[in-house]
Amino acid sequence: MVYLVRHAHAGSKAEWDGPDLARPLSETGRRQAAGLVARLRHYPVRRILSSPADRCLQTVQPLARVLGLAVEQTDVLGVDATADGVLELVADPALRHAVLCTHGELIGQVFDRLIGDGLDLPGRPRWPKGSTWVLDRHGGARVAAASYLEPLVPH
C-alpha cells in the first residue's frame, strides 16, 4: 500500500507575497496535518516522501515526528511533476507503506491515468486538501484498489 496525500490547506496564492514553494499551511491546514497523524496512526507507514513545497512538508512533518521517520523531499512529487513519475513511485517495491505528499493537480493526473488503466472506483475520485488515498497494488505493479480517507480537522 501507498498513501497518496494531498497537502493540507495553505494560505491563498493571491494573498501570499513570497515564492509559491514557501507558502505555508493556514491554521486549518495545521489542524489537518494533526488530523493526518490520527488518520494514519494505525496504518503501517515506513517512509514519508514529500514535494519540496513548504505546504507539503508541513503537512507530513507531524506524522514524521510521531513515527520517528525522516521526510524525504523529491521533485517527483513537486508542483511541476508528472503523473508518470508519481506512478513509478507507487509501483516501487521499496516504497511499500510509504506516504507520498503532493499537490491536487498532480493527484488529478494520477487518477486520470489509474482510471484509464482500469482502476474501478464507485464514483469520481476527489482529493480535497488534507485527504489521503490508500492505493493497493495487491502484490503487482498496477494499482488494483483504492480507498479514500477524509481529512480530519481536530479542534
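Below is a summary of the structure that appears in this document. All figures in this text were calculated on a predicted structure; none of them were measured in a lab.

Rules of the game
Residues numbered from 1 in each chain as written. Predicted model: local features only at pLDDT ≥ 70, side-chain atom pairs only at ≥ 80, totals over all residues. Heavy atoms only, no water. Helix = DSSP H or I, 4+ residues; strand = E, 2+ residues; numbered from the N terminus. Buried < 20%, exposed > 50% of the residue type's maximum accessible area, 1.4 Å probe, protein only. Axes fitted to C-alpha atoms, helices over the stretch in contact; angles between N-to-C directions. Parallel < 35°, antiparallel > 145°, perpendicular 65-115°, else oblique. Contact = heavy atoms within 4.5 Å. Pairing = 2+ DSSP bridges. Expected span 1.5 Å × (residues − 1). Bend = angle between axes of the 7 residues up to and from the residue. Salt bridge = Lys/Arg side-chain N within 4 Å of Asp/Glu carboxyl O. Core = buried A, V, L, I, M, F, W, Y, C linked by side-chain atoms within 4.5 Å.

1. Comments concerning unusual backbone geometry
For histidine 97, which is not a glycine, the phi torsion comes out positive at approximately 65°. Following the sequence through the fold, histidine 97 ends up in the loop between helix H3 (83-91) and strand S4 (98-102). Histidine 97 sits in the buried class, given a relative accessible area of 6%.

2. With respect to the packing of H3 against helix H4 (residues 104-116)
At a closest axis distance of 9 Å, the pairing of H3 and H4 adopts a crossing angle of 70°. When the axes of H3 and H4 are compared, the pair comes out roughly perpendicular. In contact with Ala83, Asp84, Val86 and Leu87 of H3, H4 contributes Leu106, Gln109, Val110, Arg113 and Leu114.

3. So, the sheet that holds strand S2 (residues 47-50)
The strand order S3-S2-S4-S1-S5-S6 describes an open sheet built from six strands, whose pairing is mixed. In the strand order of this sheet, the two ends are held by strand S3 (71-73) and strand S6 (145-149), each with one partner. Recorded for the sheet is a direction-independent mean angle of 25° between the axes of neighbouring strands. Note that strand S1 (residues 2-6) and strand S5 (residues 132-136) share four bridges and pair antiparallel. Residue pairing in the sheet places valine 2 in a bridge with leucine 135 of S5. In this fold H4 packs onto S1, S4 and S5, with an angle of close to 135° to the strand it touches most, S1.

4. Quick look at helix H2 (residues 54-67)
In this model, H2 (14 residues) spans 20 Å end to end at C-alpha, consistent with the 20 Å of a helix rising 1.5 Å per residue. The largest bend in H2 is about 35°, located at glutamine 61, with the proline proline 62 one to four residues further on. All of the buried residues in H2 are Arg55, Cys56, Leu57, Thr59, Val60, Pro62, Leu63 and Ala64.

5. Examining the pairing of S1
Burial of S1 is extensive: five of the five residues sit out of reach of the surface. Neither face of S1 is left uncovered, since the one carrying Val2, Leu4 and Arg6 and the one carrying Tyr3 and Val5 both have all their residues buried. Bridging between S1 and S4 involves five bridges; their strand directions are parallel. The residue of S4 that forms the bridge with arginine 6 is threonine 102.

6. Quick notes on the side chain of glutamine 32
Of note, glutamine 32 is situated in helix H1 (residues 27-40). By relative accessible area, which is 8% here, glutamine 32 ends up buried. Residues in contact with glutamine 32, not counting those within four places in the same chain, are Ala8, His9, Lys129, Gly130, Pro151, Leu152 and Val153.

7. Brief notes about the pattern of salt bridges
Summed over all chains, the structure comprises six salt bridges. One salt bridge connects glutamate 27 with arginine 31, and the closest N-O pair in it is separated by 3.9 Å. One end of the pair, glutamate 27, and the other, arginine 31, are both in helix H1, four residues apart, so they sit about a helical turn from each other.

8. Notes on the nonpolar core
In terms of nonpolar packing, the biggest core is built from 24 residues, with Leu4, Leu100, Phe111, Leu114 and Leu135 touching the most fellow members. Sorting the residues of this core by element identifies S1, H3, S4, H4 and S5 as the ones contributing at least two each. Residues within four places of leucine 100 in sequence aside, it is in contact with Val2, Tyr3, Leu4, Val5, Leu49, Leu77, Leu89 and Val90. Counting 15 residues, the second largest nonpolar core, distinct from the first, contains Val37, Ile48, Ala64 and Val134.

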